[in-house]
Amino acid sequence: MLSVIIPAYNEEKCIELAYGAIQSLLAENEIEGEFIFVDDGSKDNTYEMITRLSEEKENVIGLHFSRNFGKESAISAGLASVNGDCAVVIDCDLQHPPEKIIEMYRLWEQGYEIVEGIKKERGQEKKMHSFGAKFFYSAISRMAGFDMANSSDFKLLDRKVVDVINKMPERGFFRAISYWVGYNKATVEYDVKERVDGESKWSTVGLIKYAVSNISSFSTAPMQIVTALGIVMLVISVIFGVWALIDKIIGRALEGMTTVIIITIFIGSIIMISLGIIGYYIARIYEEIKGRPRYIISSSVRSTRKNPPAK
Ligand code: UDP
Ligand code: MG
C-alpha cells in the first residue's frame, strides 16, 4: 500500500481536488492507496473538508493541528501515521504533478528506497524567490556536503526510510534529511504547475527565515566563518599594530585617528555579527533541548469504511 501524505494549510478548495486527482490515478494503475491529510491549523474549512472526505471515502486519515506549526511539522506528523509500505509527500495545491507519483511508485517497485522529485521548471515564481532559492540550495549543498539543487518535498520513501526518519529526534529539514539518510536513490523530474486554487503561503521574509533555519540545522559552517573572520581580523590588526608602533617611534602618532575609528567600527561589527551567529545556534540548541513536541494533534479522523489491508 502507498501512503499519500498531504500537508494542507488553508486549502479548503484543494482537498477534494487533490484527493480526486490522486485517487483516480491510483485506481487506474491498480495501486492501493491511503491518504493522510495533515491540516496544519487551518483557519478555513480545510478540516471540515477532510472530515467529510473521510466519511465518504475509504482509507482517508485526517489529522488536525491545534495551531499552525508549519509544513515541516505537518510532514513529520504525516510520516508518523504511515501504514503503507511506502509513502509519498505531495503538496495539496497540485503543483506537484500527481501523475509523477505513479512513476515514483514504479521506481520503488524496482527497489529504489527514495525517489526524489526534482524541479525542472520552478513554475511561476517571483524572480527574487527563484534567485534566492538558487543561492540557498547551492549554499546548503556545499555546506551540508550533498547536492540538493532543485530538490523539493515531493518524494517517495520506502517504509524503512520512513521508520528511520520517524526515529530521529531532531526537528530537521525534511528535504535535507532525506538526503542525509542515504539509501538507494532515484530521481524523477517534474515541472512545477500553477496552483489550482488559493495562494502561496510563503512571504519573502518567511522564506528567508526558513532558509536560515535550515542552513543552521544542517551545517555549522556559519560558526566556522566566525572563526575565519576572527583570524583575518587578527592578521589585519597585527599589521595595523606594527604600523601604529612605527608611527609612534618616528613621532607621527596623532595622525591615524581615521584608521582607529575604521578599525573600531569594523571589529565592533564583526564581533556583533559573530555573537549573533553564535546566539542563533544557542537558540537552536535551546529549542531542541526543551524537547517540545513538533506539533500537537488536537483531533483526528479516519475512514470507517476501509479496504482490507492488502499487502
Ligand atoms: N503548508 C502547510 N503549512 C504551512 C504552509 C504550507 O502545511 O504553514 C502546505 C500547503 O497547504 C501546501 C504545501 O504546504 O500543501 C505547499 O505550500 P505552498 O503552496 O503555500 O508553498 P509553495 O508551493 O508556494 O512553495
Ligand atoms: Mg504550492
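A brief structural summary. Here the structure is a predicted model, which is why all the values come from computation and not from measurement.

**Points about the overall build of the chain**
Part 1 of the argument: Regarding its fold elements, the chain presents 10 helices and 8 strands.
Part 2 of the argument: Radius of gyration (C-alpha) of the chain: 25 Å, far over the 19 Å computed for a compact globule of 311 residues.
Part 3 of the argument: Counting across all 311 residues of the chain, residues that qualify as buried make up 43%.
Part 4 of the argument: Considering only residue pairs separated by 6 or more positions, the chain has 83% of its internal contacts joining residues 24 or more positions apart.

**Comments concerning the coordination of the magnesium ion (ligand 2)**
Part 1 of the argument: Protein coordination of the magnesium ion (ligand 2) is provided by Asp-93 (OD) and Gln-95 (OE1), with donor distances spanning 1.8 to 1.9 Å.
Part 2 of the argument: Given the relative accessible area of 3%, Asp-93 is considered buried.

**Some points on the site of ligand 1**
Part 1 of the argument: Every one of the 16 residues lining ligand 1 counts as a neighbour, but Glu-11, Asp-40, Asp-93, Ser-200 and Lys-201 are closest to it.
Part 2 of the argument: Within the backbone of Cys-92, one N or O atom sits 2.9 Å away from an oxygen atom of ligand 1.
Part 3 of the argument: Between ligand 1 and Asp-93, the relevant distance is 2.5 Å, taken from an oxygen atom to a side-chain nitrogen or oxygen of the residue.
Part 4 of the argument: With the chains in place, 86% of the 530 Å² that ligand 1 exposes on its own is no longer accessible.

**Quick notes on the packing of aromatic side chains**
Part 1 of the argument: For the structure on display, the rule yields 6 aromatic pairs.
Part 2 of the argument: Here Tyr-19 and Phe-35 contribute two aromatic rings whose centre-to-centre distance is 4.6 Å and whose plane-to-plane angle is 50 degrees, an arrangement assigned as tilted. One end of the pair, Tyr-19, is in helix H1 (residues 14-28); the other, Phe-35, is in strand E2 (residues 33-39), with 16 residues separating them in the sequence. Judged on exposure class, the residue Tyr-19 and its partner Phe-35 are both buried.
Part 3 of the argument: Plain terms: the ring middles of Phe-65 and Tyr-295 are 5.1 Å apart, the flat faces sit at 5 degrees to each other, and that makes the pair stacked. Taken together, the residues Phe-65 in strand E3 (residues 60-65) and Tyr-295 in the loop between helix H10 (257-290) and strand E8 (297-302) connect sequence positions 230 residues apart.
Part 4 of the argument: Take Phe-65: its relative accessible area is 0%, and that puts it in the buried class.

**Looking at the pairing of strand E4 (residues 86-89)**
Regular strands place their side chains on alternate faces of the sheet.
Part 1 of the argument: Side chains Cys-86 and Val-88 project from E4 onto one buried face, and the interleaved Ala-87 and Val-89 project onto a second face that is buried too.
Part 2 of the argument: Direction of pairing for strand E1 (residues 2-8) relative to E4: parallel, over a ladder of 4 bridges. Directly across from Leu-2, in E4, lies its bridge partner Cys-86.
Part 3 of the argument: Bridge analysis of E4 against strand E6 (residues 151-158) gives 4 bridges, and the strand direction is antiparallel. Bridging across to E6, Ala-87 finds its partner in Leu-157.

**Quick word on the side chain of Lys-155**
Part 1 of the argument: Here Lys-155 is to be found in strand E6.
Part 2 of the argument: The exposure class of Lys-155 is buried, given its relative accessible area of 0%.
Part 3 of the argument: At a separation of 3.3 Å, a polar atom in the side chain of Lys-155 contacts the main-chain carbonyl oxygen of Ser-152.
Part 4 of the argument: When neighbours within four sequence positions are excluded, Lys-155 is seen to be in contact with Ala-87, Val-88, Val-89, Met-104, Val-115, Glu-116, Gly-117, Phe-174, Arg-175, Ser-178 and Tyr-179.

**Some points on helix H6 (residues 159-167)**
Part 1 of the argument: Every buried residue of H6 is listed here: Val-161, Val-162 and Ile-165. Buried positions in H6, seen along its axis, are confined to an arc of 100 degrees and lie on one side of it.
Part 2 of the argument: By the N-cap criterion, in which a side-chain oxygen at the helix start approaches the backbone nitrogen of a residue two or three places on, H6 is capped by Asp-158, the distance to Lys-160 being 2.9 Å.

**Examining a nonpolar patch on the surface**
Part 1 of the argument: Residues Leu-234, Val-238, Val-242, Leu-245, Ile-246, Ile-249 and Ile-250 make up a contiguous nonpolar surface patch of roughly 720 Å² in combined accessible area.
Part 2 of the argument: Within the secondary structure layout, Val-242 lies in helix H9 (residues 221-249).
Part 3 of the argument: With relative accessibility at 44%, the residue Val-242 sits in the partly exposed group.

**Focus on the packing of helix H8 (residues 204-218) against H10**
Part 1 of the argument: One way to put it is that H8 packs onto H10 with a least axis distance of 11 Å and a crossing angle of 80 degrees. Our classification of the angle between H8 and H10 gives roughly perpendicular. From H8, Val-212, Ser-213, Ile-215, Ser-216 and Ser-217 reach across to H10, where they touch Tyr-280, Tyr-281 and Arg-284.
Part 2 of the argument: Classifying every residue of the contact of H8 with H10 gives 4 nonpolar, 3 polar and 1 charged.

**Quick word on the nonpolar core**
Part 1 of the argument: One finds Leu-2, Val-4, Phe-35 and Phe-37 to be the most contacted residues of the largest nonpolar core, which totals 36 residues.
Part 2 of the argument: Those residues in contact with Val-4 that sit more than four places away from it in its chain are Ile-22, Leu-26, Glu-34, Phe-35, Ile-36, Val-88 and Ile-90.
Part 3 of the argument: The next biggest cluster of nonpolar side chains, apart from the first, holds 35 residues, and it includes Ile-5, Ile-75, Val-89 and Val-162.

**A short note on the pattern of salt bridges**
Side chains carrying opposite charge are able to pair once their charged atoms draw close together.
Part 1 of the argument: One pass over the structure, following the stated rule, counts 7 salt bridges.
Part 2 of the argument: For Arg-159, the salt bridge goes to Asp-163, with nearest N and O atoms at 3.0 Å. Of this pair, Arg-159 and Asp-163 are both found in helix H6, 4 residues apart, which corresponds to roughly one turn of the helix.
Part 3 of the argument: A single network of salt bridges, built from pairs that share partners, joins Lys-71, Asp-91 and Asp-153.

Calculation criteria
- Residues numbered from 1 in each chain as written.
- Chains lettered and ligands numbered in written order.
- Predicted model: local features only at pLDDT ≥ 70, side-chain atom pairs only at ≥ 80, totals over all residues.
- Heavy atoms only, no water.
- Helix = DSSP H or I, 4+ residues; strand = E, 2+ residues; numbered from the N terminus.
- Rg over C-alpha atoms; globule rule 2.2 N^0.38 Å.
- Buried < 20%, exposed > 50% of the residue type's maximum accessible area, 1.4 Å probe, protein only.
- Contact = heavy atoms within 4.5 Å.
- Donors = N, O, S within 2.8 Å, 3.2 Å for Na, K, Ca; no water.
- Near = heavy atom within 4 Å.
- Polar contact = N/O pair within 3.5 Å; in protein donor to acceptor, adjacent residues only side chain to side chain.
- Areas by Shrake-Rupley, 256 points an atom, 1.4 Å probe, with all protein chains shown as cover.
- Phe/Tyr/Trp six-rings, centres within 6.5 Å; stacked < 30°, edge-to-face > 60°.
- Pairing = 2+ DSSP bridges.
- Arc of directions from axis to C-beta.
- Patch = residues over 30% accessible without salt bridge, like charges linked within 9 Å, V, L, I, M, F, W, Y side chains within 5 Å.
- Salt bridge = Lys/Arg side-chain N within 4 Å of Asp/Glu carboxyl O.
- Axes fitted to C-alpha atoms, helices over the stretch in contact; angles between N-to-C directions.
- Parallel < 35°, antiparallel > 145°, perpendicular 65-115°, else oblique.
- Nonpolar A, V, L, I, M, F, W, Y, C, P; charged D, E, K, R; others polar.
- Core = buried A, V, L, I, M, F, W, Y, C linked by side-chain atoms within 4.5 Å.

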